[in-house]
Every structure is written in structure tokens, then in C-alpha cells.
Amino acid sequence: MAEMRMRDALREALREEMLRDEQVFLMGEDIGAYGGSYAVTKGLLDEFGEERMRDTPIAESGMVGIGIGAAMGGMHPMVEMMTINFSFLALDQIVNSAAKLYRMSNGQINVPMVVRMASGGGSQLAATHSPSLEGLYAHFPGLKVVCPSNAADAKGLLKRAFRDENTVIFIEHTANYALKGEVPDDPDYLVEFGVANTLRSGSDVTIVGYSGSVHQAMRAARMLEEQEEIDAEVIDLRTIRPLDIDTVVNSVKKTNRAVIVEDDWLFGGFGGELSAQIMERAFDYLDAPVARVSSKDVPLPYNRNLEFAALPSEEDVVEAVLRMFKE
Amino acid sequence: MTTPIQSAATTELGEEQLGLFLYQMVLIRRFEEKCGELYTKGKIKGFLHLYTGQEACAVGAIAALEERDKIVTHYRDHGHALARGLDPNRVMAELFGKATGVSGGRGGSMHLYDITKGFLGGYAIVAAHLPLAVGLGVASQMKKEDSVALCIFGDGSVGEGEFHEALNMSVLWKTPTIFFCENNLYGMGVPLKESLSTDIPKLAAAYNMPAVSVDGMDVLAVHTAMKEAVAHARSGNGPYFVEAMTYRYRGHSMADPELYRLKDEIERYRKRDCIERLKTQMFEAGQLDEAKFEQIAVRVEQVVEDSIEFAERSPQPGLDTLFDFVTKEPARG
Ligand SMILES: Cc1ncc(C[n+]2csc(CCOP(=O)(O)OP(=O)(O)O)c2C)c(N)n1
Ligand SMILES: [Mg+2]
């Protein structure tokens, strides 16, 4: 175990996987000498050289397409999208090629590739640079979507992503990069996909989050305990596709209340899917409708106060929980 | 950088090779004509893009490859599949949506795959497979495989950003990729001259990629250019661009009412038909006579009829396979 920031844990994972498997190589804008926009790949160019650490032109669709071709040719590429916002330029490759080739080729071709991207608001980067759209990628059958909330998970999940036979969309919340945590140094440390983590057990309400929102959920749980004597259970989904719905449903059967927290927009967001699945599987156990705490339905503003008002906060979570108990 | 390619002397290739070219072109022609009929009869559904008129492109180009090489192509892909030696029975079965089809009935006409032949797919999103061919080249380089990737696409691709992204990166990284553009003068109903402000080979040349333009109605000219392209890419010199000037005899797809071009334009191109051309050349060189040609035609007829029979007889994919092949499990250790 060693204490490190999430960005360092991610780098460790990349480094270990590159050492373990020579099919692994990295591509992206400024991942080489610059070290990556969020310093995740810093130093890897010196260690692995230009063939395995490829700086690309600013051409998202092309680089993801090249990643797909390389994967088809037997490599295991990782493509860094800088941020999720730029991944829209590669959406066709991700959705129409990476997610579908295994299916359309009747199992002949699979695309083992990791596409990493940063997401999340809160840094006053305004509307084009702030969205959280984990749910968008989770919508597509054929993709896996990973969204770690902490350093240890980030390492174990990223290493696990390089063992997968499919395209893994690996989404990192920018607010999590600097978070420190204890991280195992065992080179075989993996975190399995589709296994949620119950961070806090409680009996009154289940709060479900992923990526950045896990921290609001945890802070809200502490506030609820201290101020309201409400005992909240907090679940970190870790991957939203595959989704560990069993852990969520079992928790809700115990607490009879569920609140979903996410940075995604409310309308059509991933929380809607999760809410529907909870209602389908635990309707009789619910004492209140499933509540969703999300970003407000607006493109994110630049102004600090406005941005803060648009993003979900722990106070919003507390309020949602209290509303459930009042009704 | 654009240089015209002369047709190789017929004798250079030998009677057997030329006979194979002729056979493959006749096979594709008959296969496609039959597909058109079967579509009208409702046996083949979905989108169907026929390849008649363009046979020399597939046959001349693909013959320049080795077994270890890879191909990605566009949705007008039956000709390429047959030229690469995919089983006509299983190609037809795919068009019928049957379980025995090359894609198990999951792909249809536009998505044919056979990895045992290095045939890595027909792609129905215009230009999406161009970067894939660069990636295949990257894999070949990194794994020191000595294979090249052939990417076949239509003239309509050149307006897409991915065309430019792929060309640029393949030159930067010197990937063994051959970009083979089948310029049939139209992207659906839009003439190329209305959708492109320059000439296609000039685009490749602008990225410092060697580019040639050839008569795509002449299988020998296509083959000669492609051999040069393959030799270039295989010896580590990076990508190569071939534009083959060709023409499709039928509409864009079976749904095309063809309001945008005149019958006499089609007739003009039919006079330059690739099959007739090779036939004449071989007749003149004493490598073919009516009897021999008849043999080819009879054999082709049999292969095509057999493929239809095979497709008819084949089972539908089971409904219990609906969820197969969404993700590949388990993970590697
Ligand atoms: C990205 C994308 N846009 C539009 C289409 C619809 N479409 C299918 S084929 C085609 C024309 C392509 O022409 P070209 O590349 O010249 O190939 P050809 O059909 O002539 O062989 C269009 C616009 C598509 N399949 N993909
Ligand atoms: Mg065209």
C-alpha cells in the first residue's frame, strides 16, 4: 500500500499494464512530452518510447478509429480523449465500430481497447468543457463504462480494463484527480467490473452515486447522521455498465428509500435508468418514490455562483432525503 | 506525383492468372445480377448496393495481396468478398440473413466478414474504416508482421474528416496502408465534381503520399498499380494511394430511381466494360476462345445457382441467439 493521488494511481496502472503486456500502447493528444492534460501519462514517454506513447494530431475520430484497427490487428490500445467533450468527435467510431463489430461479425472480431476521458464540472470551464455524460456511453450495448471515485478503484479498474476483450470507456472526474488514497501496489490488483462498493452501511436510506458524486453522497450521509440522526447507506457503483443492480436493490429492500446522485443532467440521464430498474425490482419495498439529484437542465455556466447552483451538492442530497421522510 | 498507369502487357501475367481474373469478374457480375433479381423477389432485404461495372477494381486490386494481408472495405462489398475468395455460398446466405452466412445473418449485405481470409468487414458509415486501416497498419508494424492493410472506399469518402485524419496519420506514422478509392463519379446521386473542389489524388499528394490514378475499367491497369502500391507499403515506405476511375452500372442501391444521370452515359461506360475488355485482349493474344469462355460462364452459373440453393436451404439463426456476441466474455487473466 502507498498513499497517492488518483492521477498517480492511474499512471501506475498504465505503467504496470504496459510492462505486463507489450500489446498495450497509448495514443492521444499531448500524452507524450507534455505528460497529458491532467498529468496522468507524465514520464511514460521516457520509459516506453515513442512507438508505445504516441502523440496524435488533434483528430479524435481518426485516433479512436486507429485504435480500433490496431485492436483488430491484435494490439490493446488505450486512447486518451483529453476530455469527454472532445469524444463527441469520435462518437461514430465508438458507437458504430467499437461497440458493434463483435456483434456484426458474429463473434469473429472484437475490439479490446480502453478509451480514457476526463469529465465533470466545477472548475468554471463553462458549457463546452464541463459535462458529465457517463450515461450517454452506458446507453450503447457492446460498451463497458467505468467511473471510479477514488485512487485505489481507479488503479484496479483501469488494470482490469486492459484484461477486457471489449472497448471500455473509462471516465475520470476531474475533481477526483487530486484526491489521495491508499493504493495497493500488488501488480495483480484488479477491481472487477459490475461490482458496486458499499462505502457505508445504513438502515434508513440508500444513496447511490458514481464517479464524482460519490463524494457528495458520503458528505450528505455524514450530515444526515450528525444533524438528523438519519442512517444512510452509500453505494459507489464503480461501473455503470455492467451495472450491479443487485447490490442496489438489496440495499433498497433494507432501507426502503433510494436517492441517486449524479453530475449528469436530470432529463434522460443515467439516474432515470437506475430509478426505473429500482422500481421494477423493488417497488413493493419503497416507502417513497426514488429521488434523483442531478445537474440542473442547463448548459453549465461559467460564473462561479451560477455553476455551483447548477451542479448537485451534498445539501441537495440532504434535502432530497428529508423530503422523503416528510412525505 | 500523379502519374497515369499503363495497362500491363497481357502476356506478363500468364494465361492462368488472366483466366482467374476473367472468372472472378464474370462471377461477380453474375452474382450481382442475381442479387438484383433476388431483391426484387424479396429474398434479399435491407439495403443492397450492387457492384456491376466495377468488377475490375476488386479483382485487380485484391489479387495483389498476400494471404496475411488485411482488407477493410465499404458497404458495396460483395465483389471484394468474392475476389478475396470468401465462399459464395456463405456470402449469399448472409444476404438471405441465414445462420450459415459469413456474419451469421447479423450483418447483411453491407457487413460481410471473414477473418480467416483477412476480410475484416464492409463498413456502412462512409469513411469510418479509413482510420481502421491505419490502425491495422500500426498493429502490423508493432507486431512486425510484414502485412499490409488494403482500404477500399468510394469517392464520397473524401469529403469526410476521417479521410483526412487517416491519410495524415498514416503518412506521419508510415503505416503499411493502401488507400484504394473506387471513383465511380457519384456519391449516391451527387456527381463528384459538385462535391469536391479538387481532384482526389491531389488530396493524397497534399499529405505527401504517393498517389496514382488508373483506369478502373481495366483489370490489368488496376493490378499493375496495386502491385506497385503493395510493394511500396510492404517495404516500409508508408502508405500509398490508388484512385481507380470506374462506373457503376446500376443505381446507388436498389432503392435508387436514378433521376440524376442519363441512360447514354451508362451506355458509354458499358462500351468500356471490364469483362469485354479482358476477353478481347485474351482473344487477341490467343489465350482464350469461345469454347473456353463458355466453360467459364457455365462454371460461374453453377457457382451462383449453388449459392442460392445453399442460402435457401440454410436455417434461420435461432431466436435463442439474439443476445449472442454483444460483449466478449470472460476477461483475460
Ligand atoms: C457518414 C455517412 N453519411 C451518409 C451516409 C449515407 N450514404 C450511404 S452511401 C453514400 C454515398 C457514398 O458514395 P461513395 O463513397 O462514392 O460510394 P459509392 O456508393 O459510389 O460506391 C451515402 C451518402 C452514410 N452511409 N454514412
Ligand atoms: Mg461513388
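The notes below deal with the structure included here.

Rules used throughout
Residues numbered from 1 in each chain as written. Chains lettered and ligands numbered in written order. Predicted model: local features only at pLDDT ≥ 70, side-chain atom pairs only at ≥ 80, totals over all residues. Heavy atoms only, no water. Helix = DSSP H or I, 4+ residues; strand = E, 2+ residues; numbered from the N terminus. Rg over C-alpha atoms; globule rule 2.2 N^0.38 Å. Buried < 20%, exposed > 50% of the residue type's maximum accessible area, 1.4 Å probe, protein only. Contact = heavy atoms within 4.5 Å. Areas by Shrake-Rupley, 256 points an atom, 1.4 Å probe, with all protein chains shown as cover. Lys, Arg positive; Asp, Glu negative; His and termini not counted. Charge placed at Lys NZ, Arg CZ, Asp CG, Glu CD. Near = heavy atom within 4 Å. Polar contact = N/O pair within 3.5 Å; in protein donor to acceptor, adjacent residues only side chain to side chain. Nonpolar A, V, L, I, M, F, W, Y, C, P; charged D, E, K, R; others polar. Donors = N, O, S within 2.8 Å, 3.2 Å for Na, K, Ca; no water. Buried area = accessible area lost by both parts, 1.4 Å probe. Salt bridge = Lys/Arg side-chain N within 4 Å of Asp/Glu carboxyl O. Phe/Tyr/Trp six-rings, centres within 6.5 Å; stacked < 30°, edge-to-face > 60°. Lys NZ or Arg CZ within 6 Å of the ring centre and 35° of its normal.

## So, the overall build of chain B
Phase 1 of the analysis: Each helix and strand counted, chain B has 12 helices and nine strands in total.
Phase 2 of the analysis: The C-alpha radius of gyration of chain B comes to 19 Å, within 12% of the 20 Å expected for a compact globule of 333 residues.
Phase 3 of the analysis: Here chain B, with 333 residues, has 56% of them falling under the buried criterion.
Phase 4 of the analysis: Pairs at least 24 apart in sequence give 76% of the contacts found in chain B among residues at least 6 apart.
Phase 5 of the analysis: Looking at chain B as shown, the accessible area adds up to about 13600 Å², and 53% of this sits on carbon and sulfur atoms.
Phase 6 of the analysis: Looking at charge distribution, chain B has the averaged site of its 36 positive side-chain charges lying 2 Å from that of its 46 negative ones.

## Some points on the site of ligand 1
Residues and elements named next belong to chain B.
Phase 1 of the analysis: Near ligand 1 lie 16 residues; those nearest to it are Tyr 75, Arg 76, Ala 124, Gly 156 and Asn 184.
Phase 2 of the analysis: Val 126 places a polar main-chain atom, nitrogen or oxygen, 3.1 Å from a nitrogen atom of ligand 1.
Phase 3 of the analysis: His 252 places a polar side-chain atom, nitrogen or oxygen, 3.3 Å from an oxygen atom of ligand 1.
Phase 4 of the analysis: Its residues assigned to classes, the shell around ligand 1 shows six nonpolar, seven polar and three charged.

## Some details on the coordination of the magnesium ion (ligand 2)
Residues and elements named next belong to chain B.
Phase 1 of the analysis: Around the magnesium ion (ligand 2), the protein contributes the donor atoms Asp 155 (OD), Asn 184 (OD1) and Tyr 186 (O), which lie 2.0 to 2.2 Å from the metal centre.
Phase 2 of the analysis: Taken in chain order, the donor set of the magnesium ion (ligand 2) reads D-x28-N-x1-Y. Here Asp 155, found in the loop between β4 (149–154) and α6 (161–172), pairs with Tyr 186, found in strand β6 (residues 186–187); they are 31 residues apart in sequence, far enough to count as distant.
Phase 3 of the analysis: Note on Asp 155: relative accessible area 2%, which makes it buried.
Phase 4 of the analysis: Since its relative accessible area comes to 9%, Tyr 186 is described here as buried.

## Quick word on the interface of chain A and chain B
Phase 1 of the analysis: At the junction of the two partners, chain A supplies 48 residues and chain B supplies 42 residues.
Phase 2 of the analysis: Between chain A and chain B lies a buried interface of about 3800 Å² when both sides are counted; carbon and sulfur atoms form 60% of it.
Phase 3 of the analysis: Our enumeration of links across chain A and chain B arrives at two salt bridges.
Phase 4 of the analysis: Between Glu 165 of chain A and Arg 332 of chain B there is a salt bridge whose closest N-O contact spans 3.3 Å.
Phase 5 of the analysis: Those elements that provide at least two residues to the side of chain A that touches chain B are β2 (24–28), β3 (53–55), α3 (60–72), α4 (91–98) and α5 (101–104) of chain A.
Phase 6 of the analysis: No other element matches α3 of chain A, which puts 10 residues into the side of chain A that touches chain B.
Phase 7 of the analysis: Tallied by class, the residues present in the side of chain A that touches chain B amount to 16 nonpolar, 19 polar and 13 charged.

## Notes on the packing of aromatic side chains
The description of an aromatic ring pair uses the distance of the two centres, along with the angle that the planes make with each other.
All names here are of chain B.
Phase 1 of the analysis: Enumeration over the complete set of coordinates arrives at 10 aromatic pairs over all chains.
Phase 2 of the analysis: Centroid distance Phe 163 to Phe 241: 6.1 Å. Interplanar angle 80°. Geometry classified as edge-to-face. Placement of Phe 163 in helix α6 and of Phe 241 in strand β9 (residues 240–245) is noted, with a sequence separation of 78 residues between them. Phe 241 matches Phe 163 in its accessibility class, with the two residues each being buried.
Phase 3 of the analysis: Seen in terms of ring centroids, Tyr 186 and Tyr 260 are 5.3 Å apart; in terms of plane orientation they differ by 50°. Their pairing is tilted. Of this pair, Tyr 186 sits in strand β6 while Tyr 260 sits in the loop between β9 and α10 (263–270), and the two are 74 residues apart along the sequence.
Phase 4 of the analysis: A connected cluster of aromatic rings, assembled from ring pairs, spans Phe 153, Phe 163, Phe 179 and Phe 241.
Phase 5 of the analysis: Note that Arg 270 overlies the ring of Tyr 249, its terminal NZ or CZ placed 4.3 Å from the centroid.
Phase 6 of the analysis: Of note, Lys 279 hangs over the ring of Phe 293, and the distance from its end group to the ring centre comes to 4.0 Å.

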